[in-house]
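Listed below are the residues making up each chain.
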Amino acid sequence: MTDNWRAATKLVHGGTLRSPYGETSEAIYLTQGFVYDSSEAAEARFKGETEGYIYARYGSPTNDMFEKRMCMLEGAEDARAMASGMAAVAAAILCQVKAGDHILAARALFGSCRWVIETLAPKYGVEFTLVDGRDLKNWEAGIRPNTKVLFLESPTNPTLEVVDIAGVAKLANQIGAKVVVDNVFATPLFQCPLELGAHVVVYSATKHIDGQGRCLGGVVLSSKEWIQENLQDYFRHTGPAMSPFNAWTLLKGLETLPLRVKQQTANASKIADFLADNDKIARVIYPGRADHPQADIVAKQMKGGSTLLAIELKGGKQAAFALQNALQVIKISNNLGDAKSLITHPATTTHKNLSDEAREELGISAGTLRLSCGIEDADDLIEDLDKALQAITA
């Protein structure tokens, strides 16, 4: 029956476990460990001969519900809930490489993701190459005999570039490598990387899944075989597990995910159209617009636009700061995917640690702003932006 449920129904009812008390809302199993009926039962549990929970670092009923609900939404066989989005990214990449292996990644990545690939992985003898992910020829040219992982975001943070996931997956399959996709900007409602051929999907659940600024979380989704062969031991022994309380909070967030994302996306589309005609703005990048540089790929692999857009102001950092500081409804923050509209200046925050050359390669100028649209009335957001644009002086 659950196979026929649509996304909104899965996100309310999927994976629910109920105690003998029959609670309506999912229970929080806020415990570190579990007890056994006998010594023999404990031994059998640890041998894997019987099912059940052992220790909260390995799993709990609340985390299990969150993982199962995410699997139903994503079309994945298995998942592991992590303490944060970066815990999920690091785990998904590092659990499947060793010294002498090679990671091929798109250069347009969140700053911490680039650090894992450029700084952390090489400390353990893992090589890497960063390419312009917009062209499949660059992926093909970057592949080496020892390439094991291909990693990408699509759309990217913060300039919303789009990568042909199916094309990258086809190249990876030719050499037996695995494609890991950070799907945060698309959300699981608008893009299904596993259906496009990717092998692993990661999310910062802190973003749209919580969507209300309450807690951190991450999740890695893939096949049962991949998780058992690659992720399970890493997960058990390095300790990136999600708190059961956070898992419960994220379960509540999933219930309203479609409603929030629908409103956020409608707002983003309307705002993008408004800003595109302003003479103080050099360009607006939004996957739902026909002028997006990879509009053909967007149409092929995404069911909707995004809750985010990128703006490049003609006046550089001075103009960007002036606009941000004049806003009343939209708040300055480095987070995204929230019910509140949030604006970010990547060059001085999320991508501050990149070199000037790296930011230029990614199209992040001193005038670039990332706008994460919330669920407020779109007209109020547009009025807020309109007044703030008037605060920019030549």
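No experiment lies behind these values; they were computed from the predicted model shown. (Residues numbered from 1 in each chain as written. Predicted model: local features only at pLDDT ≥ 70, side-chain atom pairs only at ≥ 80, totals over all residues. Heavy atoms only, no water.)

Caption draft 1: Representation of the packing of aromatic side chains in the model. Taken as a whole, this structure holds four aromatic pairs when the rule is applied. The interplanar angle of 65 degrees and the centroid separation of 6.4 Å between the aromatic rings of Tyr36 and Phe46 together place this pair among those described as edge-to-face. Placement of the pair is Tyr36 in the loop between helix H1 (7-13) and helix H2 (39-47) and Phe46 in helix H2, with a sequence separation of ten residues. Owing to a relative accessible area of 54%, Phe46 belongs among the exposed residues under this scheme. Between the aromatic rings of Phe245 and Trp248, the centroid separation amounts to 6.2 Å while the plane-to-plane angle is 40 degrees, which identifies the pairing as tilted. A residue pair is termed a helical-turn pair when its members lie 3 or 4 positions apart in one helix, as Phe245 and Trp248 do in helix H11 (residues 244-255) at three residues. What makes Trp248 partly exposed here is its relative accessible area of 23%. When the ring centre of Tyr58 is taken as origin, the NZ or CZ atom of Arg236, which lies over that ring, is 3.9 Å away. (Phe/Tyr/Trp six-rings, centres within 6.5 Å; stacked < 30°, edge-to-face > 60°. Helix = DSSP H or I, 4+ residues; strand = E, 2+ residues; numbered from the N terminus. Buried < 20%, exposed > 50% of the residue type's maximum accessible area, 1.4 Å probe, protein only. Lys NZ or Arg CZ within 6 Å of the ring centre and 35° of its normal.)

Caption draft 2: Just the pattern of salt bridges, in detail. For the structure on display, the rule yields 19 salt bridges. Between Arg69 and Glu26 there is a salt bridge, and its shortest N-O distance comes to 2.7 Å. A residue pair is termed long-range when its members are at least 10 positions apart, and Arg69 in helix H3 (residues 61-74) and Glu26 in the loop between H1 and H2 qualify at 43 residues. For the pair formed by Arg69 and Glu26, the shared burial category is buried. Across the salt bridge formed by Asp210 and Arg214, the nearest N and O atoms sit 2.7 Å from each other. Overlapping salt bridges bring together Glu26, Arg69, Lys252 and Glu255 as one network. (Salt bridge = Lys/Arg side-chain N within 4 Å of Asp/Glu carboxyl O.)

Caption draft 3: Inspection of the side chain of Ser341 at higher detail. Mapped onto the secondary structure, Ser341 falls in the loop between strand S10 (331-332) and strand S11 (342-344). When its relative accessible area of 1% is taken as the criterion, Ser341 is described as buried. A distance of 2.7 Å separates a polar atom in the side chain of Ser341 from a polar atom in the side chain of Glu376. Filtering out sequence-adjacent residues up to four positions away, Ser341 remains in contact with Val329, Ile330, Lys331, Ser372, Cys373, Gly374, Glu376 and Leu381. (Polar contact = N/O pair within 3.5 Å; in protein donor to acceptor, adjacent residues only side chain to side chain. Contact = heavy atoms within 4.5 Å.)

Caption draft 4: Just a negative patch on the surface, in detail. The grouping of Asp377, Asp380, Glu383 and Asp386 at the surface amounts to a negative patch. Among the secondary structure elements, Asp380 is positioned in helix H16 (residues 378-390). (Patch = residues over 30% accessible without salt bridge, like charges linked within 9 Å, V, L, I, M, F, W, Y side chains within 5 Å. Areas by Shrake-Rupley, 256 points an atom, 1.4 Å probe, with all protein chains shown as cover. Lys, Arg positive; Asp, Glu negative; His and termini not counted. Charge placed at Lys NZ, Arg CZ, Asp CG, Glu CD.)

Caption draft 5: A look at the domain arrangement of the protein. Its domain assignment divides the protein into domain 1 (76-253) and domain 2 (257-391). On a C-alpha basis, the centres of domain 1 and domain 2 stand 24 Å from each other. Counting residues at the interface gives 37 residues for domain 1, matched by 38 residues for domain 2. For the pair domain 1 and domain 2, the summed buried area comes to about 3,100 Å², and 61% of that belongs to carbon and sulfur atoms. Our count for the domain 1 to domain 2 interface comes out at one salt bridge. Counting every contact that joins domain 1 to domain 2 gives 20 residue pairs in polar contact (both at pLDDT 80 or more). (Domains from an automatic or database assignment. Buried area = accessible area lost by both parts, 1.4 Å probe.)

Caption draft 6: Molecular detail of the UniProt feature "modified residue: N6-(pyridoxal phosphate)lysine" (unreviewed entry) in the protein. As recorded in UniProt, the sites labelled "modified residue: N6-(pyridoxal phosphate)lysine" (unreviewed entry) are Lys207. With respect to the secondary-structure elements, Lys207 resides in helix H9 (residues 206-210). In this view, Lys207 contacts Val184, Asn335, Leu336 and Gly337; residues no more than four positions away in its chain are not counted. (UniProt positions renumbered as here; feature names shortened; annotations may be inferred.)

Caption draft 7: Fine view of the environment of Gly239. Inspection of the secondary structure assignment puts Gly239 in the loop between helix H10 (224-238) and H11. Ignoring sequence-local partners within four residues, the contact set of Gly239 consists of Arg57 and Tyr234.

Caption draft 8: A look at the sheet that holds strand S9 (residues 308-313). Here we have five strands laid out as an open sheet, ordered S8-S9-S12-S11-S10, and mixed in their pairing. Here the strands that pair on one side only, and so sit at the sheet edges, are strand S8 (281-285) and S10. As paired strands, S11 and strand S12 (residues 368-372) are joined by three bridges and run antiparallel to one another. Residue Thr344 lies in a different strand from S12, and its bridge partner there is Arg370. The strands that helix H12 (residues 257-275) touches are S8, S9 and S12; relative to S9, the one it contacts most, it runs at about 15 degrees. Where helix H14 (residues 316-326) meets the sheet, its contacts fall on S9, S10, S11 and S12, and the angle it forms with S9 comes to roughly 130 degrees. (Pairing = 2+ DSSP bridges. Axes fitted to C-alpha atoms, helices over the stretch in contact; angles between N-to-C directions.)

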